[in-house]
Every structure is written in structure tokens, then in C-alpha cells.
Amino acid sequence: QVELVESGGGLVQPGGSLRLSCKASRSILSIFISFSNKGWYREAPGKQRELVASISNDGSTTYSDSVKGRFTISRDNSRKTIYLQMNSLRPEDTAVYYCNMGDRNANNWGHGTQVTVSS
């Protein structure tokens, strides 16, 4: 199993931006690429964990309706890292954001990074 390490969270004012990173630690490139789905989830207080954005190996992406047009998911295979660029942040984006990578036989989660959007 790989270790997923998220970073980039913090406190930001409404309308601001953050970029989250998730690195597949202790993995080699072939293992990172083998995960057919990679994405970001978030869990706000009192709410279920929800999918925010995902990217598959064919390059297709999905976004939740609440973040579409504001967030962008990307990957850098050479760095074994995926990113989530978050623009025009709103208070309702406040949550713990989790990285996920998996396929039919594996499902790996990071430990989360806090994003707080507040005036």
C-alpha cells in the first residue's frame, strides 16, 4: 500500500485561492500510474464525505456541481502527485479535503488537509 500525503490547506478569505497537493509517497511511477482513478473528496462539519473532483488515466475529469468552473484537478506523473487548484473560494468550501487513489483492487486515502474559508 502507498502512503498519500496531502498538503496546501490553510486559512483563506472568500474569493481567494489555494492549491492542494497529494503525493504518493514510497511508490514508484508504475504503481502511481496503475491507479485508474485519482481524486479529491471533502468532508464538511455535519456532512457526508463527498467527491469534489476526479481524474482518470484517459484524462477525463469530473467535478461536483458546487465546484465546477472554480476548481481544477491535474496530475504530474513524474512527481507521483495530483493537485487541486481552488479559485474563488467560498465559506461553504470549508472542509477537510482528502486525496484518494485506487482501482479495482486497491483504494488508498490520505489523512486529510484542512481548508477554511472565512472573512
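Check the entry above for the structure.
Only a predicted model underlies this, so the values are computations on that prediction, with no experimental measurement involved.

About the cut-offs
- Residues numbered from 1 in each chain as written.
- Predicted model: local features only at pLDDT ≥ 70, side-chain atom pairs only at ≥ 80, totals over all residues.
- Heavy atoms only, no water.
- Phe/Tyr/Trp six-rings, centres within 6.5 Å; stacked < 30°, edge-to-face > 60°.
- Lys NZ or Arg CZ within 6 Å of the ring centre and 35° of its normal.
- Disulfide = S-S within 2.5 Å.
- Helix = DSSP H or I, 4+ residues; strand = E, 2+ residues; numbered from the N terminus.
- Contact = heavy atoms within 4.5 Å.
- Salt bridge = Lys/Arg side-chain N within 4 Å of Asp/Glu carboxyl O.
- Buried < 20%, exposed > 50% of the residue type's maximum accessible area, 1.4 Å probe, protein only.
- Pairing = 2+ DSSP bridges.

Enquirer: What's the story with the packing of aromatic side chains in this structure? I'm lost.
Expert: Each aromatic ring pair is characterised by the separation of its centres together with the angle its planes make. What the rule picks out here adds up to one aromatic pair. Sitting over the face of the ring of Tyr98, Arg49 holds its NZ or CZ atom 3.7 Å from the ring centroid. Above the ring of Trp109, the side-chain terminus of Arg49 is found at 4.8 Å from the ring centroid.

Enquirer: Please explain the state of the cysteines as it appears in this structure.
Expert: Here a disulfide denotes one covalent bond, and it connects the sulfur atoms of two cysteines. Across all of its chains, the model carries one disulfide by this definition. Between the sulfur atoms of Cys22 and its disulfide mate Cys99 the distance is 2.0 Å. For the disulfide bridge between Cys22 and Cys99, the dihedral angle about the S-S bond is near -85°, and by the sign convention the bridge is left-handed. Of this pair, Cys22 sits in strand β3 (residues 18–25) while Cys99 is found in strand β9 (residues 95–102), placing the two residues 77 residues apart along the sequence.

Enquirer: Would you explain the side chain of Ser64 in this entry?
Expert: Structurally, Ser64 is set in the loop between β6 (61–63) and β7 (71–76). Discounting chain neighbours no more than four positions away, the residues touching Ser64 are Leu51 and Val52.

Enquirer: What exactly am I supposed to notice about the pattern of salt bridges here?
Expert: Should the charged atoms of two oppositely charged side chains come close, the side chains can pair. Summed over all chains, the structure comprises six salt bridges. With its nearest N and O atoms 2.8 Å apart, the salt bridge here joins Asp93 to Arg70. Remark: Arg70 occurs in the loop between β6 and β7 and Asp93 occurs in the loop between β8 (81–86) and β9; sequence separation between them is 23 residues. Residues Asp93 and Arg70 agree in their burial class; the two are buried. The salt bridge involving Asp76 is made with Arg79; its shortest N-O contact spans 3.5 Å. Here Asp76 falls in the partly exposed class, since its relative accessible area comes to 23%. Exposure remark for Arg79: the relative accessible area of 52% places this residue in the exposed category.

Enquirer: What am I meant to see in the pairing of strand β11 (residues 113–117) here?
Expert: Burial along β11 is one-sided: Thr113, Val115 and Val117 are buried, while Gln114 and Thr116, pointing the other way, are not. For strand β2 (residues 10–12) and β11, the ladder comprises three bridges, and the chain directions are parallel. Pairing of Gly10 across the sheet is with Val115, part of β11. With three bridges joining them, β9 and β11 adopt antiparallel strand pairing. Across the sheet, residue Tyr97 finds its bridge partner in β11, namely Thr113.

Take it as geometry only, folks, not as evidence of what the structure does.
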